[in-house]
Amino acid sequence: MTELKVEGMSCGHCKMSVEKALKSVQGVEKVEVFLQEGKAIVEGSAPVEALIAAVQEEGYSASVRQ
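Not measured: the values here are computed from a predicted model.

Overview of the environment of G27
The residue G27 is located in the loop between α1 (12-23) and β2 (28-34) in this model. Counting along the chain gives 23 residues from G27 to A50, while the straight-line C-alpha distance between them is 9.9 Å. Residue contacts for G27: discarding those within four places in its chain leaves E43, G44, S45 and A46.

Here it is as structure tokens:
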């Protein structure tokens, strides 16, 4: 499981865009995005770099949540 900090989400559409972007990454099995907390939990074998890149392509910033 990977937990990402996602910055820039402000509405339900943002949440859906991030979910869709993460689900499109090969190796992702499950995605949960939490708008209020600004985080995404991703399950599967996708590399973290690919997850971050997918979120950034949608116009949001992402990093591994510590």
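Next comes the rest of the description.
A few points about the pairing of strand β1 (residues 2-7)
Burial along β1 is one-sided: the face carrying T2, L4 and V6 is buried and the face carrying E3, K5 and E7 is not. Taken together, the 4 bridges between β1 and strand β3 (residues 39-44) define a ladder with antiparallel strand orientation. Bridge pairing in β3 links E3 to I41. Bridge analysis of β1 against strand β4 (residues 61-64) gives 4 bridges, and the strand direction is antiparallel. Note that in β4 the partner of V6 across the bridge is A62.

Scoring rules and cut-offs
- Residues numbered from 1 in each chain as written.
- Predicted model: local features only at pLDDT ≥ 70, side-chain atom pairs only at ≥ 80, totals over all residues.
- Heavy atoms only, no water.
- Helix = DSSP H or I, 4+ residues; strand = E, 2+ residues; numbered from the N terminus.
- Contact = heavy atoms within 4.5 Å.
- Buried < 20%, exposed > 50% of the residue type's maximum accessible area, 1.4 Å probe, protein only.
- Pairing = 2+ DSSP bridges.

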